Amino acid sequence: MSHMLQPGIILLREGTDQSQGKAQLISNINACQAVVDAVRTTLGPRGMDKLIFDGRKVTISNDGATIMKLLDIAHPAAKVLVDVSVSQDAEVGDGTTTVVLLSGEVLKHVKGFIEDGVNPQVIIRGLRRAGDVAIARLNALSVKATDDASARAVLEKCAGTALNSKLIASQRGLFAPMIVEAVSLLDARLADVKMVGIKKVPGGSVTDSFLVRGVAFKKTFSYAGFEQQPKHFENPKILLLSVELELKSEKENAEVRISDPDAYQAIVDAEWSIIYEKLDACVAAGAQIILSKLPIGDLATQYFADRQLFCAGRVEPEDMERISRATGGRVQSTTSGIEASVLGTCEKFEEVQLGEERFNLFTGCPKARTATIVLRGGSEQFLEESQRSMHDALMVVKRSLKACEVVAGGGAIEMELSKALREASRAISGKEQLVMGAVAKALEIVPRQLSENAGLDSTDVLNRLRHAHAQPGDGGRWIGVSVDEEDVCDTMAKGVWEPTINKRNALRSAIEAACLILSIDETVRNPQSEQPGAPSQGVGLGRGGQPISAGMGGMGMAGMMGAGRGKLPRGVRAMKGRAGA
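Before going into details, it helps to say that this report is about the structure given with it.

Rules used throughout
- Residues numbered from 1 in each chain as written.
- Predicted model: local features only at pLDDT ≥ 70, side-chain atom pairs only at ≥ 80, totals over all residues.
- Heavy atoms only, no water.
- Helix = DSSP H or I, 4+ residues; strand = E, 2+ residues; numbered from the N terminus.
- Pairing = 2+ DSSP bridges.
- Axes fitted to C-alpha atoms, helices over the stretch in contact; angles between N-to-C directions.
- Contact = heavy atoms within 4.5 Å.
- Core = buried A, V, L, I, M, F, W, Y, C linked by side-chain atoms within 4.5 Å.
- Buried < 20%, exposed > 50% of the residue type's maximum accessible area, 1.4 Å probe, protein only.
- Domains from an automatic or database assignment.

### Re unusual backbone geometry
- Positioned with a positive phi, Asn235 is a non-glycine residue whose angle comes to about 50 degrees.
- Relative to the elements of secondary structure, Asn235 occurs in the loop between strand S9 (232-234) and strand S10 (237-241).
- Although it is not a glycine, Gln308 sits at a positive phi angle of roughly 55 degrees.
- Looking at the secondary structure, you find Gln308 in the loop between helix H9 (298-306) and strand S12 (310-312).

Spelled out as structure tokens, the structure:
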């Protein structure tokens, strides 16, 4: 009898919401389905855009990672799909919508197994086995470039495919070679795409965009003397500084006590002497172009203009880093002892007018490990989306550069992997066979969604694809959806190529995301405890796992004992006997 009087253990705050078991798994899968429905129409070259307004800024995009981040999803399990999309964007750059779509479709097809009482761990083992079979088949189907000429063609095809579903798809013939050229200028060991600057210039046509094999940055804030400076140099010496070249104003609380008025003049003369020493040191170094991360004041601007030198202050750190990489110059933190070896150089420097802005261009750089793409367009939203599209294509080319392996796009590779999984499932027994078949069915979502977004009859297209891929031999393995011809075709021959690393990463991430969702059997959430100053009220667990409130510690001793005899609190039962009531 004594065990019935033991108080429950207080674990969680009052108001905590607990959900567990099969119902929680189904709820998580349904939440992921809602996320997938929000982005499924953006897939492919005929995908639609989403307009997202956060109260301050309007964003128009069909990029999966951008949409997922802007949606501000609150469901804790559905946030897993956001993380998967963002990681795909960071790792490969493209395929962000595909990975979300595959994750949701896999969960959709295994949902029935959960409802039928299959243990989630059995499903997880089946998913991982299916993933291994699909990756092995993907590696076997990859086509590798044999020489440099074919490698460049592969890179341009991959860049064109990445741009095919973007806003600038009609200009992929202009941008694909431009992107490949920009990546080829980078350091081969690092291939840091941050060294490719993308500058947006409103106005003009998108066909006016161009590549600068060097550095270009927008004219910074300047003073009146700037217009007297030369704007064109051949083979100039370039000095890069992180030094402030202006007279510093005194702070509000600065105090200088002097007994002689001449002493004040001496202080002023000393300040002027210091700034002139810095300017003389820059000129003595032999530099024709002086750039600084910090401000260059009106005195220094006029000083350099009188000596026919060019200067620019408040240069962005990213632009300064790219100028240093391209020209070979090193950023100096002082003007004392500047040696000729720290100066950079380029074949040509000029200031040009682009739309309403002026840009400084450094071309013919001897150590060019950077490039700049100048984007033109009619609206700010168009330029923003074009920049995101260019970034995705740059990431795709960067990853493809290290391993020039490609597969056919347009849903062809997904149909071939689906065929391989169905064949492999016949060789195994048990529940994992059903799970592998579910993954094979889920892979068909890519060609199905491509067809639906293009306005085609997805059922008819899928039947044709299944028929083509079921033919003996390898003649139909590259048959995919052609939205231009509104039919199926050999997408490898048509030039719709995707990097193998893109598909490999998307497949692995989708399987791991589905396994993670299926491994969650309980969600604990307490909105009250998330607020600052929340009361520390407890919730315990009694016999049978039932929540215990006031009777077992929720109201302290008052809740345990009640207000007086004859009135027992909720959760306390009267025990009759010698000591009973």
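Further notes follow.
### Section: the sheet that holds strand S16 (residues 371-377)
- Spatially, the three strands line up as an open sheet ordered S6-S16-S7, and their pairing is mixed. For this open sheet the edge positions go to strand S6 (196-202) and strand S7 (210-212), each flanked by a neighbour on one side alone. Ignoring strand direction, the axes of neighbouring strands in this sheet form an average angle of 25 degrees.
- Relative to S16, S7 runs antiparallel, the two being bridged by three bridges. In the strand pairing of S16, Leu211 is matched with Ile373.
- The sheet contacts of helix H11 (residues 380-402) involve S6 and S16, and relative to S6 the element is tilted by about 160 degrees.

### Some details on the nonpolar core
- Ranked by size, the top nonpolar core spans 103 residues in total, and within it Ile123, Leu127 and Leu518 carry the most contacts.
- Of the residues that make up this core, three or more belong to each of domain 1 (17-144 + 408-522) and domain 2 (148-213 + 372-403).
- Contacts of Ile123, omitting those with residues within four sequence positions, involve Val110, Phe113, Ile114, Val118, Val435 and Leu518.

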